[in-house]
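Understanding the architecture of this molecule
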Amino acid sequence: MRVLGVDPGLTRCGVGVVEGVAGRPLTMLGVGVVRTPADADLSHRLVAVEQGIERWLDEHRPEYVAVERVFSQHNVRTVMGTAQASAVAMLCAARRGIPVALHTPSEVKAAVTGNGRADKAQVGAMVTRLLRLAAPPRPADAADALALAICHIWRAPAQNRLQQAVAAHAAGHSTTTTTKTTTTTPTTTKGRTA
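Residues numbered from 1 in each chain as written. Predicted model: local features only at pLDDT ≥ 70, side-chain atom pairs only at ≥ 80, totals over all residues. Heavy atoms only, no water.

This part covers the packing of helix α3 (residues 105-113) against helix α4 (residues 120-130). The interhelical angle for the contact between α3 and α4, taken along N-to-C directions, is 45°, at an axis separation of 9 Å. What the angle tells us is that α3 and α4 run oblique. In this structure, α3 crosses over α4, and the sense of that crossing is left-handed. Of α4, the residues touching α3 (which contributes K109, V112 and T113) are Q122, V123, M126, V127 and L130. (Axes fitted to C-alpha atoms, helices over the stretch in contact; angles between N-to-C directions. Helix = DSSP H or I, 4+ residues; strand = E, 2+ residues; numbered from the N terminus. Parallel < 35°, antiparallel > 145°, perpendicular 65-115°, else oblique. Left-handed = near helix turned anticlockwise from the far one by under 90°. Contact = heavy atoms within 4.5 Å.)

Structure, rendered in C-alpha cells:
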C-alpha cells in the first residue's frame, strides 16, 4: 500500500509518502513541505498548495491519501487556513479517484507512539525509528505527514474489516423477507354478496 500523508497548512503543508503493509517494515519514498508566502493573496496560496500536492501525486502515484482531520483551535484564523488546505488536498485526490482518509491528530499520535497526547518531538522520534531514517524529518509538518501515512497503513486493514462486517450485517437484515397479506373483499351484485 502506498499512502501520501498530508499535514494541511497554508504556510507549510507537510507531505510524505510511505509504502508498506501492516506488520512489516515500512519504507519512506519521499517527504517535504509545500510552502506559500504569508503575504500572498489567499486564492494564490491555495493554488500554490494545489500545484504542490498535484506534483506529489504525479511523482509518487499513491493508492490512498491520508489527511489530518481539522479540529477546532483557539485561533480561528489558523484553523480556517488549515481547513482550506485540507479541502485542497481532498479535492486533488478526489479528482484522480484516489480514496481519502481523515485521521485526527490524537489518532495519529496513538498509532505511531502509543500515546494520543504525544508531543511533536515524540512523533518525530518514532517516525524516524519506524522508517529507519538517519534523522527526524524537518520541519515537524513533514514528520507529521509521514505519521499520517503510517497511521493509515496500520489502521486501514482493521477499518476495512469493520466496514465489511457492518456491510454484511446490514445486508443480512435487508434479505429478511416480508410476507404480504392480501385481503379479498367480497363483491356485491344487486344486493347479494357473491
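Attention now moves to the pairing of strand β1 (residues 2-7). Of all six residues making up β1, five are buried, and the element is well covered by its neighbours. Pairing geometry for β1 and strand β2 (residues 12-19), over six bridges, is antiparallel. Across the sheet, the residue bridging to R2 is E19, located in β2. Between β1 and β2, which pair antiparallel in sequence order, lie four residues. Examined bridge by bridge, β1 and strand β4 (residues 64-68) share four bridges and lie parallel to one another. Residue pairing across strands places V3 opposite Y64, the latter belonging to β4. (Buried < 20%, exposed > 50% of the residue type's maximum accessible area, 1.4 Å probe, protein only. Pairing = 2+ DSSP bridges.)

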